[in-house]
Structure formats: structure tokens, C-alpha cells
Amino acid sequence: MHCPFCHYPDSRVTDSRTNEDGTATRRRRACPRCGRRFSTVETMTLLVVKRCGVTEPFSRDKVIAGVRRACQGRPVGEASLALLGHRVEEAVRAIGRTEVPAHEVGLAVLRPLRELDEVAYLRFASVYRSFASLADFEDEIRRLRAEQAGPALPAAAAALASAPAQVPPRHAS
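The rules behind each value
Residues numbered from 1 in each chain as written. Predicted model: local features only at pLDDT ≥ 70, side-chain atom pairs only at ≥ 80, totals over all residues. Heavy atoms only, no water. Helix = DSSP H or I, 4+ residues; strand = E, 2+ residues; numbered from the N terminus. Buried < 20%, exposed > 50% of the residue type's maximum accessible area, 1.4 Å probe, protein only. Core = buried A, V, L, I, M, F, W, Y, C linked by side-chain atoms within 4.5 Å. Contact = heavy atoms within 4.5 Å. Pairing = 2+ DSSP bridges. Axes fitted to C-alpha atoms, helices over the stretch in contact; angles between N-to-C directions. Phe/Tyr/Trp six-rings, centres within 6.5 Å; stacked < 30°, edge-to-face > 60°. Salt bridge = Lys/Arg side-chain N within 4 Å of Asp/Glu carboxyl O.

A. Unusual backbone geometry, seen in detail. We note that His7 has phi near 65 degrees; this positive angle belongs to a residue other than glycine. Position of His7 relative to the elements: it lies in the segment before strand S1 (12-18). Unusually for a residue other than glycine, Ser130 sits at a positive phi of about 55 degrees. Tracing the backbone through its elements, the reader meets Ser130 in the loop between helix H4 (118-128) and helix H5 (134-149). Take Ser130: its relative accessible area is 54%, and that puts it in the exposed class.

What follows is the structure in C-alpha cells.
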């Protein structure tokens with residue numbers, strides 16, 4: 001790192017700290033020639049590869065804007081959207097590549113959005129997955145209902161089937 005004061009081509013790191021969300025590292029540096037101190041901020045560049053092949057920097061704000069459209073008219077606050085944007089960025093960074101297909105960003109949006117608001121999830125999924133008919137909506141709603149019922153329903157049915165039948169006592173008349 002060049003010193004911004006004397007332009008010496010090297011500097012010594014005296015302290016390193018990551019920011020609160022772990023996306024950047026702040027380094028305190030000292031120039032061995034002039035002795036002045038300065039700070040640098042290092043961030044990992046994350047690029048999104050769109051369907052047409054164009055790459056652009058990942059934007060949490062762009063993710064939030066897309067989800068905000070899906071949440072229009074729903075009881076979803078800005079804090080929830082900001083948290084969703086953070087979760088999506090963490091998921092995309094966890095992939096471990098510097099270039100991520102836009103499709104994977106969309107997949108990273110779907111799970112936290114479904115947890116946030118199912119109607120907004122359906123709206124987003126209908127655009128993201130290009131629903132063409134009511135049958136597509138019905139299939140997705142059926143899948144959501146099946147996941148909500150989850151394994152608890154078959155377990156409860158099995159428990160009822162294996163339990164001995166109880167006959168209510170008769171009262172003498």
C-alpha cells in the first residue's frame with residue numbers, strides 16, 4: 001500500500017479490525033519512511049453475472065428494492081427488509097466465489113422472504129420463476145402447505161394409528 005503522504009510504495013499494518021457485518025476490514029497503517037499513520041478499508045468485490053452475461057457489483061440495496069416491490073401493501077417494515085438484505089448478502093458471500101450467477105442471488109432471496117411474508121414470497125417467486133398460469137401458483141401454494149404441515153402430520157397420524165382404541169365407559173341407566 002502506497003503512503004498517501006510521501007507516496008512510499010510500502011507500509012506496515014499496525015492494527016486490523018473487521019466491521020460489524022464482516023464484509024470489510026479496516027487496517028491502521030504506518031509509513032516506514034515518513035512515519036505518518038493512515039487507515040485503509042478493504043472489501044471483497046462480489047460480482048453478479050446476469051443472464052445476458054453482463055457482470056455488475058452485488059448491491060444489497062438492489063436486492064432490498066426488489067423485495068420491497070414484492071412486499072408492497074404487506075405489513076413488512078424497513079428493518080425487516082434490511083435484515084433480509086443482510087441475510088441474502090451473507091448467503092451469497094458464503095458461496096465463496098467472487099462471481100455469482102444472478103439465479104443464485106434469487107435463490108438466496110426466496111428462503112428468508114418466505115419466512116418473512118408468504119404473500120410477498122409468492123409475488124417474488126411468480127416473477128423470479130416466471131409463473132405462466134394459475135396452475136403454477138396452485139403448485140407453489142400446495143408445496144408451501146405441504147412444507148407447513150411438515151413431518152409432524154404423518155407422525156401424528158402414525159401415533160393415532162398405533163394407539164389402542166379407547167371405548168368410553170357406559171353409564172348405567
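B. Representation of the nonpolar core. Counting 27 residues, the largest nonpolar core has Val67, Val92, Leu113 and Phe124 as its most contacted members. No other element matches the six residues that H4 contributes to this core. Those residues in contact with Val67 that sit more than four places away from it in its chain are Leu81, Leu84, Val109, Leu113 and Phe124.

C. Seen up close, the sheet that holds strand S4 (residues 47-49). An order of S5-S4-S6 is seen for the three strands of this open sheet, with the pairing classed as mixed. A strand with exactly one partner marks an edge of an open sheet, and here the two such strands are strand S5 (55-57) and strand S6 (99-101). Looking at each pair of strands side by side, their axes are set apart by 35 degrees on average, direction ignored. Alignment of S4 against S5, held across three bridges, turns out to be antiparallel. Counted as the bridge partner of Val48 is Glu56 from S5. Contacts from helix H3 (residues 102-116) reach S4 and S6, with the element oriented near 70 degrees to S6.

D. Geometry of the packing of aromatic side chains. Across all of its chains, the model carries three aromatic pairs by this definition. Taking the centre distance of 6.5 Å and the plane angle of 70 degrees together, the rings of Phe5 and Phe38 count as edge-to-face. Note that Phe5 is positioned in the segment before S1 and Phe38 in strand S3 (residues 37-43), a separation of 33 residues in sequence. Residues Phe131 and Phe137 carry aromatic rings whose centres are separated by 5.0 Å and whose planes lie at 90 degrees to one another, so their mutual orientation is edge-to-face. Judged by relative accessible area, which is 17%, Phe131 ranks as buried. In this structure Phe137 comes out as partly exposed when scored by relative accessible area, which is 30%.

E. Highlighting the pattern of salt bridges. Scanning the entire structure with this criterion turns up 15 salt bridges. Across the salt bridge formed by Arg60 and Glu89, the nearest N and O atoms sit 2.7 Å from each other. A residue pair is termed long-range when its members are at least 10 positions apart, and Arg60 in helix H1 (residues 60-70) and Glu89 in helix H2 (residues 78-94) qualify at 29 residues. With a closest N to O distance of 2.9 Å, Arg97 and Glu104 form a salt bridge. Look at Glu104 and you get partly exposed, because its relative accessible area is 25%. Put simply, Arg27, Arg29 and Glu42 are held in one network by salt bridges that share partners.

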